[in-house]
Structure formats: structure tokens, C-alpha cells
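# Reading the structure
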Amino acid sequence: MAVEEFAHGHHYGDYSGVVFYGPPIGGFWLTRLAVSDRYMRPLFCSVLNRAWREGGPAPRFAVEWNAVAGWRDSGLCEVVTN
């Protein structure tokens, strides 16, 4: 697989991000969502705001991102969804 290119146009400093993969199909991860650092904050803030507004639990990966702890420092890991 090719190296992920996160730079969107000429935005300085947009060189990294996170790739989320869907469940494996036949042993392969065919669906994916690549999110650059430039868009992580608005995406995760909207996930957290919606959960808090509706009074429900927020996804663990968003809570850990907000706390600057957990998966974001560990490289490849599984994200369990509810």
C-alpha cells in the first residue's frame, strides 16, 4: 500500500493524520477513512458535542483524543464502536 498523503493543497504543516478502517471483509480492510490533522479537531469536536448534547456516551476514541491520551500515541490499534 502506498504512503498516505495528507497534505491538502498548499496548507503548511498538514503532513499527518489518522486512517480509520472498516471491518475486515475476507481478511482485507477494504473501506477506509483518512482524516488529516487539519480536520481532526472539527470532526472529533462534533462527535463529542453531539454525544454530550444528547446525554449519551461519547465514543472512547474521541474521549481519548480530547484527553490527549490513549490510542493516538500507540500507533495501530482497534477502535471498538458501540
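Residues numbered from 1 in each chain as written. Predicted model: local features only at pLDDT ≥ 70, side-chain atom pairs only at ≥ 80, totals over all residues. Heavy atoms only, no water.

### Some remarks on a nonpolar patch on the surface
Taken together, Ile25, Phe28 and Leu30 make up a surface patch of nonpolar side chains, about 360 Å² in accessible area. Within the fold, Ile25 resides in the loop between strand S1 (17-21) and strand S2 (32-36). Overall, Ile25 belongs to the exposed group, its relative accessible area being 52%. (Patch = residues over 30% accessible without salt bridge, like charges linked within 9 Å, V, L, I, M, F, W, Y side chains within 5 Å. Areas by Shrake-Rupley, 256 points an atom, 1.4 Å probe, with all protein chains shown as cover. Salt bridge = Lys/Arg side-chain N within 4 Å of Asp/Glu carboxyl O. Helix = DSSP H or I, 4+ residues; strand = E, 2+ residues; numbered from the N terminus. Buried < 20%, exposed > 50% of the residue type's maximum accessible area, 1.4 Å probe, protein only.)

### With respect to the pattern of salt bridges
Under the defined criterion, the tally for this structure stands at two salt bridges. For the salt bridge of Arg60 with Glu64, the shortest nitrogen-to-oxygen distance reads 3.2 Å. Taken as a pair, Arg60 and Glu64 lie in helix H2 (residues 60-66) at a separation of four residues, close to a single helical turn.

### Description of the nonpolar core
If you look at the biggest cluster of nonpolar residues, it comprises 11 residues: Val18, Phe20, Val35, Met40, Phe44, Leu48, Ala51, Ala58, Phe61, Ala62 and Trp65. Where this core is concerned, the elements lending two or more residues are S1, helix H1 (37-54) and H2. Here the element with the most residues in this core is H1; it accounts for four residues. Ignoring anything within four residues of it in the chain, the contact list for Ala58 reads Leu48, Ala51, Trp52 and Val63. (Core = buried A, V, L, I, M, F, W, Y, C linked by side-chain atoms within 4.5 Å. Contact = heavy atoms within 4.5 Å.)

### Some words on the pairing of S1
Residues of S1 alternate between two faces, with Val18 and Phe20 buried on one and Gly17, Val19 and Tyr21 left unburied on the opposite face. Pairing of S1 with S2, which is carried by five bridges, proceeds in the antiparallel orientation. In the strand pairing of S2, Val19 is matched with Ala34. (Pairing = 2+ DSSP bridges.)

### Concerning H1
Counted at 1.5 Å a residue, the expected span for H1 with its 18 residues is 26 Å, and the 26 Å between its end C-alpha atoms agrees. What H1 keeps buried is the set Met40, Phe44, Leu48 and Ala51. The buried residues of H1 all sit within an arc of 60 degrees when viewed along its axis, so they share a single face. In H1, those exposed residues whose orientation departs by more than 90 degrees from the buried face are Arg50, Arg53 and Glu54. For H1, the elements touching its buried residues are S1, S2 and H2. Backbone geometry just after H1 places Gly55 at a positive phi near 75 degrees. (Expected span 1.5 Å × (residues − 1). Arc of directions from axis to C-beta.)

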